[in-house]
Amino acid sequence: MAWRVESRTDVDRWVAHDGRQWTADDVTRLNMITLADGPQPLTPTGPVYAPKGPGDEVAEYLAAVRLVPAPQVSGEPPQVPSPPAGDDAQDVVY
C-alpha cells in the first residue's frame, strides 16, 4: 500500500512508502534507519508493536508517524493493530 506522512508545520519533514520500501527527508531518514525495525509504541505510554522482521510496514508507518512533527497521513497506510483491552492488557505498562 502506498502512503505518505508529511509534517503540517515543517514542509521539509516527510516519509513516503511506495508499497515496497520507504523514503524520507534527510533528517527523518537517519531516525527511520535507527528506529523503524524496532518495537513501536501503539500509544504514547505503550503497549508496543513488535515488528515481524526487517521491512515490517506497520512498524515503518508507526515510526514515521512518531518521527514526523505534526504528522498528516495520506494514501493507504497499513492496518495498525488496536492496543489490547481488559484482561488482554494485563502486561501493559501505562
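Before reading on, note that the structure itself is shown above.
The structure contained in this document is the topic of the report that follows. Note that the coordinates shown come from a computational prediction; the quantities given were computed from them, not determined experimentally.

## A short note on the packing of aromatic side chains
In step 1: Tallying each qualifying case throughout the model produces one aromatic pair.
In step 2: Aromatic side chains Trp3 and Tyr61 sit 5.2 Å apart centroid to centroid with 85° between the ring planes, which places their arrangement in the edge-to-face category. Residue Trp3 is located in strand β1 (residues 2-7), and its partner Tyr61 is located in helix α2 (residues 57-67); the two are separated by 58 residues in the primary sequence. Neither residue differs from the other here; Trp3 and Tyr61 are each classed as buried.

## As for the pattern of salt bridges
In step 1: Overall, the coordinates contain three salt bridges when judged by the stated rule.
In step 2: For Arg4, the salt bridge goes to Glu6, with nearest N and O atoms at 3.1 Å.
In step 3: Judged by relative accessible area, which is 32%, Glu6 ranks as partly exposed.
In step 4: Taking the shortest distance from any N to any O, the salt bridge between Arg13 and Asp25 comes out at 3.8 Å. Here Arg13 is found in the loop between β1 and β2 (14-18), whereas its partner Asp25 is found in the loop between β3 (22-24) and α1 (26-35), with twelve residues between them in sequence.

What counts and what doesn't
Residues numbered from 1 in each chain as written. Predicted model: local features only at pLDDT ≥ 70, side-chain atom pairs only at ≥ 80, totals over all residues. Heavy atoms only, no water. Phe/Tyr/Trp six-rings, centres within 6.5 Å; stacked < 30°, edge-to-face > 60°. Helix = DSSP H or I, 4+ residues; strand = E, 2+ residues; numbered from the N terminus. Buried < 20%, exposed > 50% of the residue type's maximum accessible area, 1.4 Å probe, protein only. Salt bridge = Lys/Arg side-chain N within 4 Å of Asp/Glu carboxyl O.

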